[in-house]
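# Understanding the architecture of this molecule
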Amino acid sequence: MPTDQKTETVFSKELENFIAEWKEKPGNLIMILHKVQSEFGYISRSAAMKVAEMLDIPLAKIYGVITFYHFFKLNKPGKNVIQVCMGTACYLKGGQAILDETAKHLNIPVKGVTDDGLFSLESVRCVGCCGLAPVVVIGDEVFGKVLPEQMPEILANFSE
Amino acid sequence: MSTVNIQINGKPITVEKGTHILGAAKQAGVKIPSLCAHPDLDAWAACGICVVKVANSRGVSPKLVRACATECVEGENYITHDPELNKIRKTIIEMILADHPQNCLTCGRNGSCELQTLAAEFGIREIPYARNVKNMPKDDSTGAIVLDPSKCVQCGRCAQVCQQLQNVWALEFIGRGEKTRIAGAGDIVLNETPCIKCGQCSAHCPVGAIYELDETGKLLAAIQNPDLTVVAQIAPAVRVAIGEEFGLEPGEITTGKIYAALRAIGVDTVFDTNFAADLTIMEEGTEFVHRFTEKKDLPLITSCCPAWVEYMEKYACDMIPNFSTAKSPQQMQGAITKTYYAQTAKLDPAKIFSVSIMPCTAKKQEIKRSDDMFSSGYQDNDLVLTTRELARLFKQFGIDFKNIEPQKADSPIGQYTGAGTIFGVTGGVMEAALRTAYSLVTGDELPNDAVDFTAVRGMDGIKTATVDVKGTPVRVAVAHGLKNVQTLLQEVREARENGKEVPYHFIEVMACKGGCIAGGGQPYGTEDEIRAKRIDGLYADDKKSEFRKSHQNPDIKKIYADFLEKPSSHKAHKLLHTHYVPRPTYKK
């Protein structure tokens, strides 16, 4: 399937070798996409097209996969990724209100990124510290027993 | 052939091993309702409406299985209809309706929608579930087909047909669960995907989620404009299908009725694309003989099908030198309408409005595909209507199509031969070309009992034959349904890379399974049984023709004598030939 696509994304030598190594093996797509996301933090359109070219598979197939699994991100995440836990315990303790308040405060939807690239917002399932519910994780930092009205203050600490 | 013995509702039946329950029930004369299953496609088990009971199941209650995706098991008895199954089916339909917009009256499929039919048959009077209709924008970027994802019932037919039958991969589902939606590949508008506008998605969609762009209003506006002379052409495949919209059998030849009905709605002059099919054979046949004798740029590959042309430009541009430079019949007809016909009729070409009636949605896009489509100095074809659109117009004008008195086409570019008419079926272009190429190579006429090249007929996805042209073997191949073309191209590439002789001298490709008779713009419900009848219709039209070779068409002889000089002349090249360019598979 010859294509004359010009893609801008440059893959590292390591990533290219990885793809070459897995190219002919069945079930390789998700593994390769994981690797792409770990290199760039997300899967850009041009990265997806480059994978399509290298594996000689349709772009439609790649988008089917990356939009199916929540793990894959299609947009560049913000400098600080806010993860609001919506696992059972956090949900019951008001996770939704935290998520709503954060979205309102930053004026972005869930899965969105602020215009300045500082924050992106995600809802996640259990992060494994239900005793602290409701939980918000920003970067590597875990915030427990969060109240919605505390969010602006918490976020202010990340605003530089 | 091994078989299995089963029962459908207690009645014994023997079916081929591997048959699904849905197919077995059909053989037993029992109709199981379904929204997603389609005989052209593998079962996808998406809708669940075809659920049946396995009567001999162990356990408390009988096992429920989807009839479309479950193979018959020896000795089983399948219950296809009972009050409980009825209730399950009704519930599923109600749930689909809860997610479905209810603007049926203004929907492209109003009156032909499979969901609407099911809702009517099951007597749905209210929807007992919360409504959850998603409002998503329509995508009419292709100018040929419209994608309305809000109406999608996620049956998967369009994506399957696009990916598996056509190998185009322009459509795919995006997201998961409740948020799943159908979208262009990579979630961009269709015109920027690899879409080739073949319209098979629109022909297979059970509802109004993908349909042809309706342009009937443009024809009516032209008819209403007193300054314009409206000139129509009709493609071969239209004549054996449009009757289905008026209760005639598939395959019934309605050529004269279409001419008459077109005049009845106000078209001034009626020509036939079959004439230009004969003209295509003169040009392409000459091109073939030239390349064959010079052993240059072989195999010659046909270029009549615009969906195939776009596929090649996007996916196989290394084949560009092999493509016939001859335009498609539609484009040839348009070019000579605004030159030769304009001259003979003493009309200003600027005041001719040329409309073509096609079985095809890709033809809508072909009329503007490059500057070559403006060879007359004007846009050679102004408008393309599909068979479905024309049928609607005839209905709007109250035309009694079944009983309308047939008429003849106008002169001087309306007469056609049997070779022209079989352009609408897979293998037909090849057969027509061989009939004329034989004469061009040998100087002799094929006797009338030898014009049928049956080896290139039929529904096999790939057909190959070696034709003996007075001692010279000519190797030909025919593919239809684009998934089949890759095999042929690969053979050509391998021979080329290894410096071997080409496996074929001449290849015909049509994008749609069965050829234009099953094009994306044809009446709904196309499946192999109907394909076969339409194909028989075209071969019958060929058989009853006075002339069966393009070069014998008196109007063709006349146009070369009076206007075009000879095939492949300078003038013919200017008006009747084109060129191809590699195109990006994805625009974004």
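The structure displayed is predicted, hence computed values, not measured ones.

Moving on, we come to the sheet that holds strand β3 (residues 136-138) of chain A. In any sheet, the strands associate via hydrogen bonds between backbone groups, in a parallel or an antiparallel arrangement. Residue and element names in this part refer to chain A. Read from one edge of the open sheet, 4 strands run β2-β1-β3-β4, paired in mixed fashion. Across the chains shown, the open sheet's two edge strands, defined by having one partner strand only, are β2 (119-124) and β4 (141-143). Neighbour-to-neighbour, the strand axes of this sheet turn through a mean angle of 20°, independent of strand direction. Strand direction decides the pairing type here: β3 and β4, joined by 3 bridges, are antiparallel. Within β4, the position partnered with V137 by the bridge is V142. Each of β1 (80-85), β2 and β3 touches helix α6 (residues 95-106); the most contacted strand, β1, lies at about 150° to it.

What follows is about the sheet that holds strand β4 (residues 63-66) of chain B. Residues and elements named next belong to chain B. Reading across the sheet, the 5 strands line up as β2-β1-β5-β3-β4 and stay open at both edges, with mixed pairing between neighbours. Every interior strand has two partners, whereas the edge strands, β2 (11-16) and β4, have only one. Pairs of neighbouring strands in the sheet enclose a mean axial angle of 40°, with direction left out of account. As paired elements, strand β1 (residues 3-8) and β2 share 6 bridges and run antiparallel to each other. Following the sheet pairing, I8 is matched in β2 by K11.

On to the pairing of strand β15 (residues 462-469) of chain B. Residue and element names in this part refer to chain B. Judged from the 8 bridges that link them, β15 and strand β16 (residues 472-480) form a sheet pairing that is antiparallel. Bridge pairing links V469 to T472 in β16. Turn length for the β15-β16 hairpin, with the two strands adjacent in sequence and antiparallel, is 2 residues, and the turn residue K470 shows positive phi of about 45°.

All names here are of chain B. Domain parsing of chain B yields domain 1 (3-81), domain 2 (95-212) and domain 3 (217-576). Here the C-alpha centroids of domain 1 and domain 2 sit 27 Å apart. If you look at the interface, domain 1 gives 9 residues, while domain 2 gives 13 residues.

This part takes up the nonpolar core. Counting residues in each nonpolar core, the largest one holds 186 residues, and the members touching the most others are A48(A), A232(B) and A511(B). In terms of residue count, the dominant contributor to this core is helix α8 (residues 273-294) of chain B (9 residues). Excluding its chain neighbours within four sequence positions, the residues that come into contact with A232(B) are L262(B), V267(B), V270(B), F271(B), V355(B) and I357(B). One finds I82(A), C85(A), L99(A) and V136(A) within the second-largest nonpolar core, a separate group that totals 15 residues.

Put simply, chain A has an average pLDDT of 91, and 96% of its residues get 70 or more. Contacts for the low-pLDDT stretch residues 1-6 of chain A, under 50 throughout, to residues beyond four places or in other chains number 13 contacts.

What follows covers helix α7 (residues 255-264) of chain B. Residue and element names in this part refer to chain B. When α7 is considered as a whole, its buried residues turn out to be T255, K257, I258, Y259, A261 and L262. Looking at the buried residues of α7, the elements they touch are β10 (229-234), β11 (269-272) and α12 (387-396). G266 lies just past α7 and shows a positive phi near 115°.

So, about unusual backbone geometry. Look at the link from L298(B) to P299(B): it is a cis peptide, with omega at -5°. Relative to the elements of secondary structure, P299(B) occurs in the loop between α8 and β12 (300-301). Here the residue pair S411(B) and P412(B) is connected by a cis peptide bond, since its omega of 5° sits within 30 degrees of zero. The topology assignment puts P412(B) in the loop between α12 and α13 (418-421). A positive phi angle is found at K111(A), which is not glycine, with a value near 80°. Position of K111(A) relative to the elements: it lies in the loop between α6 and β2.

Below, the discussion takes up the packing of α8(B) against helix α14 (residues 428-442) of chain B. Residue and element names in this part refer to chain B. Close contact between α8 and α14 brings their axes to 9 Å; oriented N to C, the two are set at 55°. The angle between α8 and α14 falls in the class oblique. Once α8 is placed against α14, the crossing between them reads as right-handed. Of the residues in α14, those touching α8 at I281, E284, G285, T286, F288 and V289 are A432, A433, T436, A437, L440 and V441. Classifying every residue of the contact of α8 with α14 gives 8 nonpolar, 3 polar and 1 charged.

Here the focus is the interface of chain A and chain B. Counting from both sides, the interface comprises 15 residues of chain A and, opposite them, 17 residues of chain B. Breaking the side of chain A that touches chain B down by element, the ones donating at least two residues are α3 (45-55) and α4 (59-68) of chain A. By residue number, the principal contributor to the side of chain A that touches chain B is α4(A), which donates 6 residues. Looking at side-chain class alone, the side of chain A that touches chain B contains 9 nonpolar, 4 polar and 2 charged residues.

How each quantity is defined
Every chain begins its residue count from 1, and numbering advances along the sequence as written. Working convention: letters from A go to chains and numbers from 1 go to ligands, in the order in which they are written. At least 70 in pLDDT is required for a residue's local features to be given in this predicted model, at least 80 for side-chain atom pairs to be given and counted, and no such filter applies to totals for whole chains, interfaces and linings, which use all residues. Pairing between strands is defined by DSSP: at least two bridges between them are needed. Strands are runs of DSSP state E lasting at least two residues, helices are runs of H or I lasting at least four, and both sets are numbered from the N terminus onward. Orientation is described by lines fitted to C-alpha atoms, with helices fitted over the stretch in contact, and by angles between N-to-C directions that extend from 0 to 180 degrees. Two residues form a contact once the distance between their C-beta atoms, set from the backbone, is within 7 Å. Note that the domain bounds reflect an automated or database-derived domain assignment. Only buried residues count toward a nonpolar core: Ala, Val, Leu, Ile, Met, Phe, Trp, Tyr and Cys, linked into one set through C-beta atoms within 7 Å. Partly exposed residues are those whose C-beta has more than 12 but fewer than 20 other C-beta atoms within 10 Å; with 20 or more the residue is buried, with 12 or fewer it is exposed, and the C-beta atoms are placed from the backbone. Per-residue confidence from the predictor is given as pLDDT, running between 0 and 100. Working definition: roughly parallel below 35 degrees, roughly antiparallel above 145 degrees, roughly perpendicular at 65 to 115 degrees, and oblique for all remaining angles. What makes a crossing left-handed is the near helix being turned counterclockwise from the far one by less than a right angle; a clockwise turn instead makes it right-handed. Amino acids are sorted into nonpolar (Ala, Val, Leu, Ile, Met, Phe, Trp, Tyr, Cys and Pro), charged (Asp, Glu, Lys and Arg) and polar (every other residue, Gly among them).

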